[in-house]
Amino acid sequence: MKRILIINGPNLNMLGRRDKKHYGNLTLKEINSLIKNGNRDLKFKFVQSNYEGKIVTIIQKSLNKFDAIVINPGAFTHTSVAIHDALEMFKGPIIEVHLSDVDNREDYRKINYIRPLSTKVFSAKFENSYLEAINYLKNI
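Fair warning: this is a prediction, and the values are worked out from it, not measured in the lab.

Caption draft 1: Representation of the sheet that holds strand β2 (residues 43-48). Pairing in this open sheet of five strands is parallel, and the strands run β2-β1-β3-β4-β5 from one edge to the other. The open sheet terminates on both sides in strands that have one partner only, identified here as β2 and β5 (120-122). The mean inter-strand angle of the sheet, taken between neighbouring strand axes irrespective of direction, is 20°. Looking at chain direction, strand β1 (residues 3-8) and strand β3 (residues 68-72) are connected through five bridges and run parallel.

Caption draft 2: Layout of the nonpolar core. In this structure, I4, I6, V70, Y130 and I134 are the most contacted members of the largest nonpolar core, which totals 20 residues. When residues of this core are traced back to their parent elements, those giving at least two are β1, α2 (28-37), β3, β4 (94-97) and α5 (127-138). Considering each element in turn, this core owes the most residues, four residues, to α5. Not counting residues up to four positions away in its chain, the partners in contact with I4 are L42, K43, F44, K45, F66, A68, V70, I134 and L137.

Caption draft 3: Examining the environment of S118 more closely. Residue position: S118 is located in the loop between β4 and β5. Expressed as a C-alpha distance, the spacing of S118 and K21, which sit 97 residues apart in the sequence, is 25 Å. At 3.1 Å, the side chain of S118 forms a polar contact with the side chain of E96.

Caption draft 4: Just the packing of helix α3 (residues 52-62) against helix α4 (residues 81-88), in detail. Across the interface, α3 lies against α4 with an axial gap of 9 Å and an inter-helix angle of 5°. If you check the angle between α3 and α4, you find them roughly parallel. Side by side, α3 and α4 meet where E52, I55, V56 and I59 of the first sit next to A82, I83, A86 and L87 of the second. Each residue belonging to the contact of α3 with α4 can be placed in one class, and the counts come to seven nonpolar, no polar and one charged.

Caption draft 5: Up close: the packing of aromatic side chains. Applying the stated criterion to the full structure yields two aromatic pairs. Between F122 and Y136 the ring centres are 5.9 Å apart and the planes differ by 55°, which places this aromatic pair in the tilted class. Taken together, the residues span a long stretch of sequence, with F122 in strand β5 and Y136 in helix α5 at a distance of 14 residues. In this arrangement the basic side chain of R18 is found over the ring face of Y23, its NZ or CZ atom lying 4.0 Å from the centre.

Caption draft 6: Broad picture of the pattern of salt bridges. Under the definition given, this model contains seven salt bridges. R3 is the salt-bridge partner of D67, the closest N and O atoms lying 3.0 Å from each other. Of the two residues, D67 is situated in the loop between α3 and β3 and R3 in strand β1; the sequence distance between them amounts to 64 residues. Since its relative accessible area comes to 32%, R3 is described here as partly exposed. Put simply, E96, D103 and R115 are held in one network by salt bridges that share partners.

Conventions we followed
Residues numbered from 1 in each chain as written. Predicted model: local features only at pLDDT ≥ 70, side-chain atom pairs only at ≥ 80, totals over all residues. Heavy atoms only, no water. Pairing = 2+ DSSP bridges. Helix = DSSP H or I, 4+ residues; strand = E, 2+ residues; numbered from the N terminus. Axes fitted to C-alpha atoms, helices over the stretch in contact; angles between N-to-C directions. Core = buried A, V, L, I, M, F, W, Y, C linked by side-chain atoms within 4.5 Å. Buried < 20%, exposed > 50% of the residue type's maximum accessible area, 1.4 Å probe, protein only. Contact = heavy atoms within 4.5 Å. Polar contact = N/O pair within 3.5 Å; in protein donor to acceptor, adjacent residues only side chain to side chain. Parallel < 35°, antiparallel > 145°, perpendicular 65-115°, else oblique. Nonpolar A, V, L, I, M, F, W, Y, C, P; charged D, E, K, R; others polar. Phe/Tyr/Trp six-rings, centres within 6.5 Å; stacked < 30°, edge-to-face > 60°. Lys NZ or Arg CZ within 6 Å of the ring centre and 35° of its normal. Salt bridge = Lys/Arg side-chain N within 4 Å of Asp/Glu carboxyl O.

Okay, here's the thing in structure tokens:
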């Protein structure tokens, strides 16, 4: 596992301003730095978008360029068949991450279009969800 694409969905660019009980204290930039600084043996591409179509295009362009995808689709977890369909074409591991415990939150978050394609899920541990995802990838 050498090349990892990390995709962050809508509103994750606003970490640090969002509800800290669900999302923790760190900004997305700080989380990305933690990941990069703790794993210098890996190559990362970090992307964040509030736009579904841009995330779909990023996934499409990643085919055959990355060994794994770590994705926090944010609200698109519960709404995006398009992101699901794009991820379906990716042949490597797909790791779903969430800062909060999405499985035990509001009823409208019960639908998850990403989970059926996920190799593994890490959630409810704030930035540690990402760090555990990277450690998992290093060990498979």
